[in-house]
Amino acid sequence: MKNWFQKAREASGLSLEECASVLLDSRNSFARKEENPGTFTLNELRALHGVFNEDARKIVHEALRDIYL
């Protein structure tokens, strides 16, 4: 089952490599973060927000909103 971050990345049509590049990270390091999305920093999410499309942004916003519920 895919987590919210995997769904967001795929909704944007981005590869692991493309997202890793945005963070100046290796593919393997990024893949580990994606498997455990709670390890992303707010700065990393903000950088990725800039390359995500509208659908992906909604997925991320909903996941973050769930923190407060």
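Structural data are supplied above this passage.
In this text the structure is predicted, and so the values were computed from the model without any measurement.

Thresholds, definitions, all that
Residues numbered from 1 in each chain as written. Predicted model: local features only at pLDDT ≥ 70, side-chain atom pairs only at ≥ 80, totals over all residues. Heavy atoms only, no water. Buried < 20%, exposed > 50% of the residue type's maximum accessible area, 1.4 Å probe, protein only. Helix = DSSP H or I, 4+ residues; strand = E, 2+ residues; numbered from the N terminus. Contact = heavy atoms within 4.5 Å. Polar contact = N/O pair within 3.5 Å; in protein donor to acceptor, adjacent residues only side chain to side chain. Axes fitted to C-alpha atoms, helices over the stretch in contact; angles between N-to-C directions. Parallel < 35°, antiparallel > 145°, perpendicular 65-115°, else oblique. Left-handed = near helix turned anticlockwise from the far one by under 90°. Nonpolar A, V, L, I, M, F, W, Y, C, P; charged D, E, K, R; others polar. Phe/Tyr/Trp six-rings, centres within 6.5 Å; stacked < 30°, edge-to-face > 60°.

### Side note on helix α3 (residues 27-35)
Alright, step 1. Those residues of α3 not exposed but buried are S29, F30, A31, K33 and E34.
Alright, step 2. Buried residues along α3 sit in contact with α1 (4-11), α2 (16-22) and α4 (42-49).

### Here we look at the environment of E18
Alright, step 1. Here E18 is to be found in helix α2.
Alright, step 2. For the pair formed by E18 and K2, sequence separation is 16 residues and the distance between their alpha carbons is 19 Å.
Alright, step 3. Separated by 2.7 Å, the side chain of E18 and the backbone nitrogen of S15 make a polar contact.

### Some remarks on the packing of α1 against helix α5 (residues 54-67)
Alright, step 1. Across the interface, α1 lies against α5 with an axial gap of 7 Å and an inter-helix angle of 165 degrees. The orientation of α1 relative to α5 falls into the category roughly antiparallel. As for how α1 packs across α5, the hand of that crossing is left-handed. From α1, W4, K7, A8 and A11 reach across to α5, where they touch D55, A56, I59, V60 and A63.
Alright, step 2. Residues that form the contact of α1 with α5 fall into these classes: seven nonpolar, no polar and two charged.

### Quick word on the environment of E10
Alright, step 1. Here E10 shows up in helix α1.
Alright, step 2. It is 9.9 Å that separates the C-alpha atoms of E10 and D55, two residues lying 45 residues apart in sequence.
Alright, step 3. Among the polar contacts made by the side chain of E10, one reaches the side chain of K2 at a distance of 2.6 Å.

### Focus: the packing of aromatic side chains
Alright, step 1. For the structure on display, the rule yields five aromatic pairs.
Alright, step 2. Joined through ring pairs, the aromatic side chains of W4, F5, F30, F40 and F52 make up one cluster.

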